[in-house]
Amino acid sequence: MEINILAVVIVLALICILALLMGLVFIYITTNPDPDMRRYDSEKFFIDPNNPDKKTLPFPSLNSDATVELSVVVPSYNEELRLPIMLDEALEFLSERQKTDRSFSYEIIVVDDGSKDTTTQVALQYSKKYTTDKVRVLTLAKNRGKGGAVRLGMLSARGRHLLFADADGASKFADVSKLEECLKKMGNRENMAVVCGSRAHLEKDSVAQRSYFRTVLMYGFHFVVWSLCVRGIKDTQCGFKIMTREAARRLFTTLHVNRWAFDVELLYIAQKLKIPIGEVAINWQEIEGSKMVPVFSWIQMGKDILLIRLRYILRIWRIPAKSSKQD
């Protein structure tokens, strides 16, 4: 009897090992080793609605020198209702800042991530009002995911500093000044630095409002991030991050993940490259209409984070010594 039990245990162990090996082989052969730098021809141009012929103009390259102080990239998917509130707040702040500081210049790039509503048309109304020197619209030919939308926006930006901010307006836009102040104090010899907006200081209040199950999932997700990819950053997922142009060039030509977990890989790459990372508490509020389904999204991102780590351990994904040139 003891021999039979031992045999069963050995067989089960061998089956588990075989299944694990098959899973690793599957991951290896189905993973693209290169960052997704695809760009359709239509995504290389933006429309000037003030031109009678609706003439399209080419986006610049992130490899070019900066021509404005701040670029704000706003990834947007079906945001026709929430986007105007965010843009009104951002443009009011940026316009007032420019009035008091004539040397300050900015641009906002709204990246329509294959929306099925009128997100592009809504954003173009701001291009018409403020001109394309201030607001540009990058309409993706198909949905790429938040990470893919942010990447293409960054690759099209003119700023010395580059911020990406969620279209829902959950983060108080004026807090960009806090992030910029932190950014000025950081940076290495290559002028690379990243500063993350953080909601960690609000966690106690949010826990009080969540169910026990969702709280366990939240802490579980934080543990997975900490144990597998990123340590020392309390809030990796806040959609309010700023970086230098040099850091953006390095990070977004190395990034692979196109979906929600892209922030984790972004910060993982930054830590591996020893790019300084700061974290600043910001004002934040829950906005209705989130595209994330709390339980499902956290489980999905947990799986994605595990796959990020596995792909780097297996050296399917690698961090090159130098960033690739992308036009």
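Just so you know, these numbers come straight off a predicted model, no measurement behind them.

(A) Spatial organisation of the overall build of the protein. Tallying secondary structure elements over the protein gives ten helices and nine strands in all. Taken over the C-alpha trace, the protein has a radius of gyration of 22 Å; the compact-globule value for 327 residues is 20 Å, and the two agree within 12%. Counting only C-alpha atoms and orienting by the principal axes, one finds that the protein spans roughly 85 × 45 × 45 Å. The buried share among the 327 residues of the protein stands at 47%.

(B) Seen up close, the sheet that holds strand S7 (residues 194-198). The seven strands lie next to each other as S5-S4-S3-S6-S8-S7-S9, forming an open sheet whose pairing is mixed. Only two strands of the sheet have a single partner each, and these edge strands are strand S5 (135-139) and strand S9 (277-281). Mean inter-strand twist for the sheet, computed between neighbouring axes without regard to direction, equals 20 degrees. Pairing of S7 with S9 involves five bridges; the strand directions are parallel. In the sheet register, Gly197 faces S9, and the bridge partner there is Val280. Set on the sheet, helix H3 (residues 119-130) makes contact with strand S3 (68-76), strand S4 (106-112) and S5; between it and S5 the angle comes to about 155 degrees. Strands in contact with helix H5 (residues 176-184) are S3, strand S6 (159-165), S7, strand S8 (240-244) and S9; relative to S8, the strand with the most contacts, it is inclined by about 35 degrees.

(C) Spotlight on the packing of aromatic side chains. Applying the stated criterion across every chain, the model contains nine aromatic pairs. Relative to Phe59, the ring of Phe46 has its centre 5.0 Å away and its plane inclined at 55 degrees; by these criteria the two rings are tilted. Remark: Phe59 occurs in the loop between strand S2 (56-58) and S3 and Phe46 occurs in strand S1 (residues 45-47); sequence separation between them is 13 residues. Note on accessibility: Phe46 and Phe59 belong to one class, buried. Judged by centre distance (5.0 Å) and plane angle (45 degrees), the ring pair of Tyr268 and Tyr312 falls under tilted. In this pair, Tyr268 sits in helix H9 (residues 262-272) while Tyr312 sits in helix H10 (residues 294-313), placing the two residues 44 residues apart along the sequence. For the pair shown, Tyr268 and Tyr312 are each scored as buried. An aromatic cluster of three or more residues is present, and its members are Phe93, Phe173 and Phe240.

(D) A look at H5. Along H5, the residues that are buried comprise Val176, Leu179, Glu180, Cys182 and Leu183. Buried residues along H5 cover an arc of 160 degrees about the axis, so they all sit on one side. Summarising the contacts, the buried residues of H5 are in contact with S3, helix H2 (83-100), S6, S7, S8 and S9.

(E) Structural detail: the pairing of S7. Counting buried residues along S7, five of its five residues qualify, which places the element largely inside the surrounding structure. Side chains Val194, Cys196 and Ser198 project from S7 onto one buried face, and the interleaved Val195 and Gly197 project onto a second face that is buried too. Strand direction decides the pairing type here: S7 and S8, joined by three bridges, are antiparallel. Within the sheet, the bridge partner assigned to Val194 lies in S8 and is Met243.

(F) The arrangement of the pattern of salt bridges in detail. A complete count under the given rule lists 14 salt bridges for this structure. The closest approach of N and O atoms between Asp36 and Arg38, which form a salt bridge, is 2.7 Å. Note that Asp133 and Arg158 form a salt bridge whose closest N and O atoms lie 3.2 Å from each other. Of this pair, Asp133 sits in the loop between H3 and S5 while Arg158 is found in the loop between helix H4 (146-155) and S6, placing the two residues 25 residues apart along the sequence. By sharing partners, the salt bridges in this structure join Glu107, Asp133, Lys134 and Arg158 into a single network.

(G) Representation of H3. With twelve residues, H3 ought to run about 16 Å at 1.5 Å a step, and its terminal C-alpha atoms sit 17 Å apart, in line with that. Inspection of H3 places Thr119, Thr120, Val122, Ala123, Leu124, Tyr126 and Ser127 among the buried residues, and these make up the whole buried set. Contacts from the buried residues of H3 go to S1, S3, H2, S4 and S5. Immediately beyond the C-terminal end of H3, within one or two residues, lies Thr131, with a positive phi of roughly 75 degrees.

(H) Structural detail: unusual backbone geometry. Positive phi, normally seen in glycine, also occurs at Asn78, with a value near 55 degrees. Judged by its relative accessible area of 26%, Asn78 is partly exposed.

Criteria and thresholds
- Residues numbered from 1 in each chain as written.
- Predicted model: local features only at pLDDT ≥ 70, side-chain atom pairs only at ≥ 80, totals over all residues.
- Heavy atoms only, no water.
- Helix = DSSP H or I, 4+ residues; strand = E, 2+ residues; numbered from the N terminus.
- Rg over C-alpha atoms; globule rule 2.2 N^0.38 Å.
- Buried < 20%, exposed > 50% of the residue type's maximum accessible area, 1.4 Å probe, protein only.
- Pairing = 2+ DSSP bridges.
- Axes fitted to C-alpha atoms, helices over the stretch in contact; angles between N-to-C directions.
- Contact = heavy atoms within 4.5 Å.
- Phe/Tyr/Trp six-rings, centres within 6.5 Å; stacked < 30°, edge-to-face > 60°.
- Arc of directions from axis to C-beta.
- Salt bridge = Lys/Arg side-chain N within 4 Å of Asp/Glu carboxyl O.
- Expected span 1.5 Å × (residues − 1).

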